[in-house]
Amino acid sequence: PLVERLRRVDYEWWCDPQPSLVEVAARVAGERQALVVVNTTGDSRAVFTMLEGAAAAPVLHLSARMCPAHRRAVLEQVRARLDADEPAILVSTQLIEAGVDVDFPVVYRAYAPAESLQQAAGRANREGRRAERGRVVVFDPADGHRPPGYEVPIGKTSLYFGAEKAEPDDLDALAGYYRHLYNSLDVDRGKRARTIQQNRSKLDFVAVADGPLADPGRSAQRNRDLAFRMLDDESVPVVVTTWSDAPHVSELLDDLRRDEGPTRDMFRALQPYIVALPSYVLDRTDVQELCPQVLAESDLREWRGGYDHEVGIDDTYVAMSYDARLL
């Protein structure tokens, strides 16, 4: 069949027994060119640190804690090394799966929903120019972490895909997986979905975007739990002014504060240096002191905390905030 003729990768499953991240890093360290994709920024930083001193190849890092300009610079290095057939190992979060064009001979992907496994596989032998198929090693780290929203889709993935089961590009298995997943998530019958549809039918798009009034007639506060969100994670934009490769960003912010009003060009100039931090991080007083508000009428903040030239914003605050949220 056509699907089989066009297949560019073979899958390997490293899930039983579950490896540790240290074991994964040790195996990756022996690769000449490899991409490692994990599920959280904390895991990506941990694996990157393990590989830095162990791998013979240069090791680079990508995550959402790095501003877009920083990520672009890293991707340029990676592509240049791959184009020249030079050694390179890249450790990344899922953001590498969002339309990023890289072509590695082997991809190591932490266990994730089937669609994410497919996306990661699209970075192995992407151009189809290699003499052999690319390798996609799916590993389930015993000490790894997952976003909260992964639990249900991962559970459904394990029913259909894995060793001695279908591979993530099997069309029949995918059809069953998506039907099962959609029914389990109840995305069109839950309270939020019903509220959103009711507000859409009334053309009340403020309520769709920001949620209905929490106490109509008494308060203007809105229930954001019932608002439409493409992604459930709430985030706050912060402008990084402590990246050593972009010392001019502070001047851009000064211009923004000094002028009579912000312009589209100003925000466009700042966009490459903005990182979206989880909103729960800003609940901490010590983080608020590092993130003063730029303009009174805007959610935009300035990041004055640590920024590492390899991994971005100092994740200590983020990790501590996340752990506290789980307690």
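What you see is a predicted model, and the numbers here were worked out from it, not measured in a lab.

Definitions and limits used
- Residues numbered from 1 in each chain as written.
- Predicted model: local features only at pLDDT ≥ 70, side-chain atom pairs only at ≥ 80, totals over all residues.
- Heavy atoms only, no water.
- Phe/Tyr/Trp six-rings, centres within 6.5 Å; stacked < 30°, edge-to-face > 60°.
- Buried < 20%, exposed > 50% of the residue type's maximum accessible area, 1.4 Å probe, protein only.
- Disulfide = S-S within 2.5 Å.
- Salt bridge = Lys/Arg side-chain N within 4 Å of Asp/Glu carboxyl O.
- Helix = DSSP H or I, 4+ residues; strand = E, 2+ residues; numbered from the N terminus.
- Pairing = 2+ DSSP bridges.
- Right-handed = clockwise from strand over helix to strand, strands pointing away.
- Axes fitted to C-alpha atoms, helices over the stretch in contact; angles between N-to-C directions.
- Contact = heavy atoms within 4.5 Å.

**A word on the packing of aromatic side chains**
Working step 1: This structure, assessed with the given rule, holds 5 aromatic pairs.
Working step 2: Centre to centre, the rings of Tyr160 and Phe161 are 6.2 Å apart; their planes meet at 45 degrees, and the pair counts as tilted.
Working step 3: A relative accessible area of 23% means that Tyr160 is categorised as partly exposed.
Working step 4: Relative accessible area serves as the criterion here: at 2%, Phe161 is assigned to the buried category.

**Concerning the state of the cysteines**
A covalent bond between the sulfur atoms of two cysteines is referred to as a disulfide.
Working step 1: In this structure the tally under the stated criterion is 0 disulfides.
Working step 2: No disulfide involves Cys67; its nearest neighbouring cysteine sulfur is the one of Cys291, lying 14 Å away.

**Some remarks on the pattern of salt bridges**
Working step 1: The full count for this structure, using the stated rule, is 17 salt bridges.
Working step 2: A salt bridge links Arg81 to Glu86; the nearest nitrogen and oxygen atoms lie 3.6 Å apart.
Working step 3: Its relative accessible area of 24% is what places Arg81 among the partly exposed residues.
Working step 4: Ionic pairing is found between Arg284 and Asp286, a salt bridge with its closest N-O pair at 2.6 Å.
Working step 5: Residue Asp286 is classed as partly exposed on the basis of its relative accessible area of 31%.
Working step 6: Several salt bridges converge on common partners, so that one network encompasses Asp254, Arg257, Glu302 and Arg304.

**As for the environment of Ser219**
Working step 1: Inspection of the secondary structure assignment puts Ser219 in the loop between helix H9 (205-210) and strand E7 (235-240).
Working step 2: The partly exposed category is assigned to Ser219, whose relative accessible area is 31%.
Working step 3: Note: C-alpha distance between Ser219 and Val37 (182 residues apart in sequence) is 45 Å.

**A closer look at the pairing of strand E4 (residues 88-92)**
Working step 1: Among the 5 residues in E4, 5 count as buried, and that is most of the element.
Working step 2: Of the two faces of E4, the one lined by Ala88, Leu90 and Ser92 and the one lined by Ile89 and Val91 are each fully buried.
Working step 3: The pairing of strand E2 (residues 33-37) with E4 spans 5 bridges and is classified as parallel. Following the sheet pairing, Ala34 is matched in E4 by Ile89.
Working step 4: Note: strand E3 (residues 59-62) against E4, 4 bridges, orientation parallel.

**Description of the pairing of strand E5 (residues 106-110)**
Working step 1: Taking burial as the measure, the 5 residues of E5 include 5 buried ones, the bulk of the element.
Working step 2: Both faces of E5 are covered, namely the face carrying Val106, Tyr108 and Ala110 and the face carrying Val107 and Arg109.
Working step 3: Sheet analysis places E2 next to E5, joined by 3 bridges and oriented parallel. Among the inter-strand pairings, Val37 is bridged to a residue of E5, identified as Arg109.
Working step 4: Bridge analysis of E5 against strand E6 (residues 134-139) gives 5 bridges, and the strand direction is parallel. Following the sheet pairing, Arg109 is matched in E6 by Val138.
Working step 5: With helix H5 (residues 114-121) bridging E5 and the parallel E6, this β-α-β connection has right-handed handedness.

**Side note on the sheet that holds E3**
Working step 1: Taking strand neighbours across the sheet as the criterion, the 6 strands line up as E1-E6-E5-E2-E4-E3 in an open arrangement whose pairing is parallel. Each having just a single partner strand, strand E1 (9-14) and E3 make up the two edges of the open sheet. Neighbour-to-neighbour, the strand axes of the sheet open up by a mean angle of 20 degrees, direction not taken into account.
Working step 2: Sitting on the sheet, helix H3 (residues 41-52) touches E2, E3 and E4, and the angle it makes with E3 is about 170 degrees.
Working step 3: Relative to E3, helix H4 (residues 68-83) is tilted by about 140 degrees, and along the sheet it contacts E2, E3 and E4.

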